[in-house]
Amino acid sequence: SGTAAAGDHLGRAVAVSRDGRRALVGAYADDTSSDVDAGSATIFVRSGSAWSIEAVLLSTHPAAGDRFGSSVSLSADGLLAIVGAPQADDSHRVGAGSAFVFSRAGVAWTAGATLVPLAAVAFDHFGHSVAYSADGSRVVVGAIGVDTRAIFNSGSAYAFTTGPVVPAGDAGPG
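This one's a predicted model, so the numbers in the text were calculated from it and none came from an experiment.

### Some remarks on the packing of aromatic side chains
Argument step 1. One pass over the structure, following the stated rule, counts 4 aromatic pairs.
Argument step 2. Arranged with centres 6.2 Å apart and planes meeting at 80°, the rings of F68 and F102 form a pair that is edge-to-face. On the criterion of sequence distance, the pair formed by F68 in the loop between β4 (50-57) and β5 (71-74) and F102 in strand β7 (residues 98-105) is long-range, its members being 34 residues apart.
Argument step 3. When its relative accessible area of 3% is taken as the criterion, F102 is described as buried.
Argument step 4. Aromatic pair F126 and Y158: ring centres 5.4 Å apart, planes at 70°, arrangement edge-to-face. Here F126, found in strand β9 (residues 126-132), pairs with Y158, found in strand β11 (residues 156-161); they are 32 residues apart in sequence, far enough to count as distant.

What follows is the structure, given as structure tokens:
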């Protein structure tokens, strides 16, 4: 919700843009208007020496106990964010997890893709960790509960391409 309350765990996950002007702070146990412990992530922006709330990011399909905000990452320019919700239920799979992509255009933050693995099963906890590449073209999402090669909770990491990110004024090779 952008303001910490008892038990929200604001600061459990944090990320900062390369220039230090924007920070993303998760509060995985935030009781949002949607539900108890649905979670949130707050974007703070620095102007001079003062920090202010720029946006509060919420899951696009929140539910109690999702723990949205357990993990967060920003692209280096601070215009792309990914937020993990490792306890989110996916198509009747309890705790399969999800990761949510957001982008900033102008002054607004907009929800984009919801990432889930193709073969999710209950308690994979996909979204336990998230990371952006510096240019924002790739994300990696951790899932600590995945069983691989019949090894219980051995975990896994999934890489996604988010598309080419071309800096303004750069038309590519030529």
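### Let's talk about the side chain of S59
Argument step 1. In this fold, S59 is placed in the loop between β4 and β5.
Argument step 2. Looking at S59, the relative accessible area reads 10%, which means it is buried.
Argument step 3. Here H61 takes part through its backbone nitrogen, which lies 3.1 Å from a polar atom of the side chain of S59.
Argument step 4. If we ignore the near neighbours within four places in the chain, the residues touching S59 are F68 and F100.

### Structural notes on the environment of T114
Argument step 1. For T114, the position within the fold is in strand β8 (residues 108-115).
Argument step 2. Once residues within four sequence positions are removed from consideration, T114 is found in contact with T60, H61, S98, A99 and F100.

### Overview of the sheet that holds strand β1 (residues 10-16)
Argument step 1. Taken in spatial order, the 4 strands of this open sheet run β1-β2-β3-β4, and their pairing is antiparallel. Pairing within the sheet leaves two strands with one partner each, and these edge strands are β1 and β4. Neighbour-to-neighbour, the strand axes of the sheet open up by a mean angle of 30°, direction not taken into account.
Argument step 2. Two elements, strand β2 (residues 22-27) and strand β3 (residues 40-47), share 6 bridges in a ladder whose sense is antiparallel. From the neighbouring strand, V25 faces β3, where its bridge partner is T42.

### Comments concerning unusual backbone geometry
Glycine aside, residues mostly have negative phi angles, and peptide bonds mostly take the trans form.
Argument step 1. Non-glycine residue R67 carries a positive phi angle of around 65°.
Argument step 2. Assignment of secondary structure puts R67 in the loop between β4 and β5.
Argument step 3. With relative accessibility at 28%, the residue R67 sits in the partly exposed group.
Argument step 4. Even without being glycine, H125 reaches a positive phi, approximately 60°.
Argument step 5. If you trace the backbone, H125 turns up in the loop between β8 and β9.

Rules behind the numbers
Residues numbered from 1 in each chain as written. Predicted model: local features only at pLDDT ≥ 70, side-chain atom pairs only at ≥ 80, totals over all residues. Heavy atoms only, no water. Phe/Tyr/Trp six-rings, centres within 6.5 Å; stacked < 30°, edge-to-face > 60°. Helix = DSSP H or I, 4+ residues; strand = E, 2+ residues; numbered from the N terminus. Buried < 20%, exposed > 50% of the residue type's maximum accessible area, 1.4 Å probe, protein only. Polar contact = N/O pair within 3.5 Å; in protein donor to acceptor, adjacent residues only side chain to side chain. Contact = heavy atoms within 4.5 Å. Pairing = 2+ DSSP bridges. Axes fitted to C-alpha atoms, helices over the stretch in contact; angles between N-to-C directions.

Fair warning: the whole summary comes from geometry, so function is off the table for now.
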